[in-house]
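Topology and contacts: notes
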Amino acid sequence: MGSGSAGKVYFVLYLAVILELLIIIVERDEAEEHLLAKQKESMKILESILGQMQTGAGSEGINTRPQDQITLKPAGYIKEPGDPEIKEDRTYVIEVGVTDVANMKIDNSASPADKKDFEKKRKMLANVQELEYQVFYNASSDPNNAPVFLMDDEARKTKFADLSEGAQIGDQGWQFQSMRKIELDVNNTQDYRNPIYKPYSLVKGPSFVPPGKTDDSAFTYSQEKTDNLAKLNYGNSITKRAFMVRFQPPAKGGWYKLRFSSRTNKVLGVASADDDGSSKELNPEAKINIGTVQLKVKDLIKVEKELRKKLGAFSVPTADDLRGKKITLDDFNKRIIDAKAKAAEVAAQAGPNDQEKASLANRVELYGYIAKLLAPGLSQDFDQNRGSIEFNVFVMNPPPRPTAPPKITLETDLVRVFESLGYIEVPCQVFPSNGNPKFSVKDIAGAEIRAGNSTATTGEGFVSKILYIPIQNANTAVGNYNIKVAWEGNGKVSEEVPLAVNVFPSKQNGDSYTGITNSDDIESAFDLSMGDLILLPAAATSASGISPSEYSMTIKSDNGVLDASIKGKLRIDASDAKYVPESARSLDFEIFWKSRYNEKDPPLLIYKKTFPVRPPGPRLRGLPVVGSPNTAQIFDVTNFEVEPPSVRSDDGSTKTGQLEGTPEFAIDPSDVKIVNLDAKDAKYSLKIIGSPKQSGSKFTIQAQLVGPKYKPGRLKGSFRVNVKAASVINGQRSNKSRKYTVQVGF
């Protein structure tokens, strides 16, 4: 805020004090000499203040940045490494001074009408009545000196709302571009601290907001920033209101001028009929405001009449004629200026001690000021209520930039795939976008850089591309390959980027696939009976080179009861809870792999086989008990327990089958492992004597140890008894053998 603004603020305060003093004096007996002396003294003080009052360019109560510069982005701009950030839009904060009404009070005994009037005036004093935002353009390319604009007085007299877009302003090449105006909604504002502003009451020309922003965001009131300004004041009082402007110029260099013109209510004279519907007759008890100081209309009328009486010789226009619109405001101002000039001529002839004549010109000005205070609606044009500020923004194209070196980056430096895939696609980033690839390829032909799946660029100007590598041709046998990729652009070649490609076997080989290394383990795991829990560890030829997350497995039964998919691993665990259906006769098992670099392709089959499902055999329970041998080395083995088979049903329950006939017991010589600790080269065999004896589900057999004599406690070892039993469950017959292992120590 300039020194002129400070002068105007102090003028408002001093004027209120002096007017109150004048009113007191005028109400007294004018015949009393000492009162007349005080009146003259007060008039002299007032005239001195008026003489020092600052007028002219209105920075009164309104602030923002004085100048700015914006650099435009060229067409097709891509930010390159090392480039500065180019921001084409700006947000400016405009601060407009208002009256601090925090300590403004009204007597509780006041009438409801007076209280309502008081609240309305407090809302008007504490807020900006209206604020205009205007944009002008000048094609000058001089970055240091903006062309001269209109003087402030000329600008305030210009009716910008009547101009069309592109209209010439002044003679220095400025063109009108746009304007917006917002106004205070007094009636809907409930609290003077939180005003409500109407939507734009005037809109002309473009909004100059950044792309994607709405027109109503171009120029707005900010309660948040106003509150932040208030926090800087003692008592959190509001002395400024903050407004936000978002500005982005079009792609056209030159000077842009942003001008703001405000109307506040620091001085509130008599309201106009348009404001509140009142009559043109003055209400003697009505009050005007100079800041937060209130004066009654009847008191001001007395001062106005007293001054008119003293200034009659200079043909001052009457305040009554101005109020009654018998004379226009322009004519009134012209006659005040003429009267002030005549008074100045008289003052010029005054002697050094004749202060009465010397102050005549200032009295004319004071008279005009009071007359306007008493004329409905004219106080809004006081300098104290109107302010403007303008600042320039130079818009330029960026300077030529040095050519950045080309560059390429790959998402990974190692890719592992199976030979049946055919090709891989590795995402990469290149700069500049219109370059060409260069390859140093070993054993892999046909690699190229293709267009990416996105046109978006990254923060450093890189463009998404795809490195395409075919791997299904005569040159692509299983093995490890190395590729080096470079990117050529801007007449230069980037550094080479290495990429290793490991190709693993996966083709079908007879009844099996080469993508799996433990086919025997898989076949053993799928040697299953009806109702069995499926447990499986699978191992791919890629070992740990490919993440398990890229694999999936499927298990399907021939009857359709089981149709499961297990993703992200090469194991089937108990927690997966996959059981062979009780009525299944076969299971189809498959392993798939899907490369994360080929998302659009179907998964690749690397293993497939169908396994039969067997009916379960009898269950063997109990722990065999060996008796002591007799002199013929014959002994009993008891507690063989043979039970019928059972299966887990599809509903989770258990079903039990039936045994057929008597189980058969046999001992294979190869299953006898008995050693004489005193003669380790002695050989022993076992043979079963007679038929097994049955007691319920338990059986006893007699066996004879054939071999040399031994000392008690010196014969140790084990043998296995093969039990073969026929059984039926779910209509399926089984004739399966199972073995018991028996420990001996004679």
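Cut-offs and rules
Chains are numbered independently. Their residues run from 1 in the order of the written sequence. It should be noted that, the model being predicted, local features are given only for residues of pLDDT at least 70 and side-chain atom pairs only at 80 or more, the latter also being counted only at that level, while totals for whole chains, interfaces and linings use all residues. Computation of side-chain values covers all heavy atoms of the structure but excludes hydrogens and water. The numbering of helices and of strands both runs from the N terminus, where a helix is a DSSP run of H or I of at least 4 residues and a strand a run of E of at least 2. Only protein chains enter the area calculation, which uses a 1.4 Å probe; residues under 20% of their type maximum are buried, those over 50% are exposed, and those in between are partly exposed. By definition, residues are in contact when any of their heavy atoms lie within 4.5 Å. Using a 1.4 Å probe, the Shrake-Rupley method yields the accessible areas, and only the shown protein chains count as cover for residues. At least two DSSP bridges between two strands are needed for those strands to be called paired. Axes, fitted as lines to C-alpha atoms, cover a helix only where it is in contact. Angles between the N-to-C directions of the axes lie from 0 to 180 degrees. Under the pairing criterion, centres of Phe, Tyr and Trp rings, with the six-membered ring standing for Trp, must be within 6.5 Å; the plane angle then separates stacked pairs below 30 degrees from edge-to-face pairs above 60, leaving the rest tilted. Only Lys NZ and Arg CZ are tested; either one counts as a charge over a ring when it is within 6 Å of the ring centre and within 35 degrees of the ring normal. Geometric relationships in this document are graded by angle, where less than 35 degrees denotes roughly parallel, more than 145 denotes roughly antiparallel, 65 to 115 denotes roughly perpendicular, and other angles denote oblique. Left-handed is the label given to a crossing in which the near helix is rotated counterclockwise from the far helix by less than a right angle, and right-handed is the label when the rotation is clockwise. Residues are grouped as follows: Ala, Val, Leu, Ile, Met, Phe, Trp, Tyr, Cys and Pro are nonpolar; Asp, Glu, Lys and Arg are charged; every other residue, Gly included, is polar. Between the first and last residue of a helix there are one fewer steps than residues, each counted as 1.5 Å, and that sum is the expected span. What qualifies as a polar contact is a pair of N or O atoms within 3.5 Å, subject to a donor-acceptor requirement within protein and to the restriction that residues adjacent in sequence count only when both atoms come from side chains.

Attention shifts here to the overall build of the chain. Helices and strands together make up the secondary structure of the chain, namely twelve helices and 43 strands. By residue count, 45% of the 746 residues in the chain fall in the buried class. Look at the contacts in the chain between residues 6 or more apart in sequence, and 70% of them connect residues 24 or more apart. Of the accessible surface of the chain, which amounts to about 37,500 Å², a share of 48% is contributed by carbon and sulfur atoms.

The strand order across the open sheet formed by five strands is 26-32-31-28-29, and the pairing between neighbours is mixed. The open sheet has two free edges, formed respectively by strand 26 (528–529) and strand 29 (563–567), since each of these has just one partner strand. Bridging between strand 28 (residues 551–557) and strand 29 involves five bridges; their strand directions are antiparallel. Each residue of the ladder has a partner; that of Ser-552, found in strand 29, is Lys-567.

Here we come to the pairing of strand 42 (residues 715–729). Within a regular strand, side chains alternate between the sheet's two faces. Relative to strand 42, strand 38 (residues 658–666) runs antiparallel, the two being bridged by six bridges. Bridge pairing in strand 42 links Phe-665 to Val-723. Summarising the sheet, strand 42 and strand 43 (residues 732–745) pair through 14 bridges and their orientation is antiparallel. Its bridge partner lying in strand 43, Ala-725 is registered against Lys-736. As consecutive antiparallel partners, strand 42 and strand 43 are separated by two residues, and within that stretch Asn-730 has a phi angle of approximately 55 degrees, a positive value.

Moving on, we come to the sheet that holds strand 15 (residues 407–410). Across a sheet, paired strands are connected by hydrogen bonds in the backbone, their directions being either parallel or antiparallel. Here we have four strands laid out as an open sheet, ordered 15-17-20-19, and antiparallel in their pairing. Looking along the sheet, the strands with just one partner apiece sit at the ends: strand 15 and strand 19 (448–451). Averaged over all pairs of adjacent strands, the angle between strand axes in this sheet comes to 40 degrees, irrespective of strand direction. As paired elements, strand 19 and strand 20 (residues 463–470) share four bridges and run antiparallel to each other.

Scanning all chains against the criterion turns up 26 aromatic pairs. Look at Phe-219 and Phe-260: their rings are 6.4 Å apart centre to centre, the planes differ by 50 degrees, and that puts the pair in the tilted class. One end of the pair, Phe-219, is in strand 8 (residues 219–222); the other, Phe-260, is in strand 10 (residues 254–263), and 41 residues separate them in sequence. Taken together, the ring pairs connect Tyr-92, Tyr-133, Phe-219, Phe-260 and Phe-391 into an aromatic cluster. A cation sits over an aromatic face here: Arg-450 above Tyr-468, 3.5 Å from the ring centre. In this arrangement the basic side chain of Arg-648 is found over the ring face of Tyr-579, its NZ or CZ atom lying 3.7 Å from the centre.

Interaxial distance between helix 9 (residues 329–348) and helix 11 (residues 360–373) falls to 7 Å at its minimum, and their mutual angle equals 160 degrees. The angle between the axes of helix 9 and helix 11 places the two elements in the roughly antiparallel class. Regarding helix 9 and helix 11, the two cross each other, and that crossing is right-handed. Across from Leu-329, Phe-332, Asn-333, Ile-336, Ala-339, Lys-340, Ala-343, Ala-344 and Val-346 in helix 9, the residues of helix 11 making contact are Leu-360, Ala-361, Val-364, Glu-365, Tyr-367, Gly-368, Ala-371 and Lys-372. Of the residues that constitute the contact of helix 9 with helix 11, the class distribution is twelve nonpolar, two polar and three charged.

Turning to helix 7 (residues 297–310), a few remarks are in order. For helix 7, with 14 residues, the first-to-last C-alpha span of 20 Å sits near the 20 Å given by 1.5 Å per residue. Those residues of helix 7 not exposed but buried are Val-297, Asp-299, Leu-300, Val-303, Glu-304, Glu-306 and Leu-307.

Next up on the list: the side chain of Thr-226. Its location among the elements puts Thr-226 in helix 5 (residues 223–230). Looking at Thr-226, its side chain comes within polar contact range of the main-chain oxygen of Ser-222, at 2.8 Å. Apart from the residues within four sequence positions on either side, Thr-226 is in contact with Tyr-221, Ile-238, Lys-240, Arg-241 and Ala-242.

Attention now moves to the packing of helix 7 against helix 11. Between helix 7 and helix 11, the shortest axis-to-axis distance is 10 Å and the interhelical angle comes to 145 degrees. Along this stretch, helix 7 crosses helix 11, giving a crossing that reads as left-handed. Only Arg-363, Leu-366, Tyr-367, Ile-370 and Leu-373 of helix 11 make contact with helix 7, whose side of the interface consists of Leu-300, Val-303, Glu-304, Leu-307, Arg-308 and Lys-310. Looking at the contact of helix 7 with helix 11, its residues break down into seven nonpolar, no polar and four charged.

Here we take up unusual backbone geometry. A negative phi holds for most residues other than glycine; trans holds for most peptide bonds. Residue Pro-432 is bonded to the preceding Phe-431 through a cis peptide linkage, with omega at -5 degrees. Even without being a glycine, Ala-577 presents a positive backbone phi close to 55 degrees. Checked against the element boundaries, Ala-577 lands in the loop between strand 30 (571–572) and strand 31 (586–593). Residue Ala-577 is classed as partly exposed on the basis of its relative accessible area, which comes to 44%. Despite not being glycine, Asn-639 has its phi angle at roughly 75 degrees, a positive value. Here Asn-639 lies in strand 35 (residues 634–643). Residue classification places Asn-639 among the partly exposed residues on the basis of a relative accessible area of 23%.

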